[in-house]
Every structure is written in C-alpha cells, then in structure tokens.
Amino acid sequence: MTRFFLAMMLAACSLFATADTSLQAENAWVREAPPTARMMAAYMTLRNPGSSAAVVVGIESPAFDHVMLHKTEVVDGVARMMHQDELAIPAGGSVELKPGGFHLMMSAPEKRLTAGQRVEFILTLADGESIRVQAEIRKKP
Ligand SMILES: [Cu+2]
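Residues numbered from 1 in each chain as written. Predicted model: local features only at pLDDT ≥ 70, side-chain atom pairs only at ≥ 80, totals over all residues. Heavy atoms only, no water.

A.B. asks: An account of the overall build of the protein chain is requested, with residue identities and associated values reported.
C.D. replies: What the protein chain contains, in helices and strands, is one helix and ten strands. Scanning the protein chain from its N terminus toward the C terminus, one meets helices and strands in the order α-β-β-β-β-β-β-β-β-β-β. In the protein chain, buried positions account for 37% of the 141 residues. Carbon and sulfur atoms form 56% of the exposed surface of the protein chain, whose accessible area is close to 8,500 Å². (Helix = DSSP H or I, 4+ residues; strand = E, 2+ residues; numbered from the N terminus. Buried < 20%, exposed > 50% of the residue type's maximum accessible area, 1.4 Å probe, protein only. Areas by Shrake-Rupley, 256 points an atom, 1.4 Å probe, with all protein chains shown as cover.)

A.B. asks: Any chance you could break down the pairing of strand β9 (residues 118-125) for me, citing the residues and the numbers?
C.D. replies: Here β9 lies mainly inside the structure; six of its eight residues are buried. Looking at chain direction, strand β3 (residues 54-60) and β9 are connected through four bridges and run antiparallel. When the bridges of β9 are listed, I59 appears paired with L123. Sheet topology places β9 next to strand β10 (residues 130-138); seven bridges connect them, and they run antiparallel. (Pairing = 2+ DSSP bridges.)

A.B. asks: Talk me through empty space enclosed by the protein; I want residue IDs and the actual numbers.
C.D. replies: Taking a probe equal in size to a water molecule and rolling it over the atoms shows the remaining empty space. Inspection of every chain in the model, using the stated rule, returns one cavity of 30 Å³ or more. As for the largest cavity, its lining consists of M44, L46, V56, I59, L69, L87, L97, L104 and L123. Considering only residue class, the lining of the largest cavity consists of nine nonpolar, no polar and no charged. (1 Å grid on protein atoms, 1.4 Å probe; cavity = no way out; pocket = protein on both sides within 12 Å on 5 of 7 lines; lining within 4 Å. Points joined across faces, edges and corners; volume = space filled by probe spheres on them. Nonpolar A, V, L, I, M, F, W, Y, C, P; charged D, E, K, R; others polar.)

A.B. asks: Please provide a residue-by-residue account of the environment of R47, values included.
C.D. replies: Along the polypeptide, R47 turns up in strand β2 (residues 39-47). The exposure class of R47 is partly exposed, given its relative accessible area of 34%. If we skip the residues at most four places from it in the chain, R47 touches S22, L23, Q24, E26, I89, G93 and S94. Side-chain polar atoms of R47 contact the side chain of E26, separated by 2.8 Å. (Contact = heavy atoms within 4.5 Å. Polar contact = N/O pair within 3.5 Å; in protein donor to acceptor, adjacent residues only side chain to side chain.)

A.B. asks: Give me the environment of R38: which residues, what numbers.
C.D. replies: Within the secondary structure, R38 is located in the loop between β1 (24-31) and β2. In the structure, R38 is positioned 69 residues away from S107 in sequence and 5.7 Å away in space, judged by C-alpha atoms. Excluding its chain neighbours within four sequence positions, the residues that come into contact with R38 are M106, S107, A108 and P109.

Next comes the structure, spelled out in structure tokens:
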C-alpha cells in the first residue's frame, strides 16, 4: 500500500516535471575515481530551449552526501575551483559543464562507483521546477 502510493507520487511528480520544465541535460557523466576518493566530479551540457533564462539554484543526488557547483578559473596562472551559488542558462542557449570549466563536485559517495553505473542528480531551478538527470560513470576520457 505504502509502496504503491509512493510509486504513484513519483509517477505524478515526474509527469509534472516533464510537462512543466524546459531545461534539458545531455551527455551527463561522472568521472570514475580511485576507491579512496572522497570527491568526484560530474559534467553535462544544459540546454534551455525556453524563451526565458533558466537558473539552477540547487543540485542534489541520492548517491552523494553533498553536491556543489564549481567553476575552474585560472587566477594568476594557478587553476582554482570557485564555488558558484547558481548557474544561469540563457534562453535558447546552453552551458557546457566540462573539465576545466563549470562542473559538479560531489563529496562522500554512498558507495564505490565504477564505470557503467548510473547515478541521478536532481537540479532545482529558481522558478521552483526540478529536473532529474541520469549520469553514467565513465573512466577518464
Ligand atoms: Cu570542483
């Protein structure tokens, strides 16, 4: 009974999200890390076909303790990771999260993640929408 109700709730939520959201994630992946690693990084392309900017204000994942949005910037010749509070995707545009630029940084994976496995991220937008993104674990390209 409880499980059935939960399944119904999840189905309703995902239907709602699909009908309401305009942001799309493509080619989402997580770089495989050594077994002892406490941090992992994820990359994807976010595409916004809508007519107004989409702003990602929060990211979480059941596979990790914490998900942060970072941008790698070179300051005085030294690459540094800068924390970002939000990420705006312009109307009709896209933003690529890639090594050396914007990326997700995740702490404390719940379990060892190896190439071929999948994890889910939930992106919350400024207007209250949320989208679910499936990301594949891959070895360093
Ligand atoms: Cu980082």
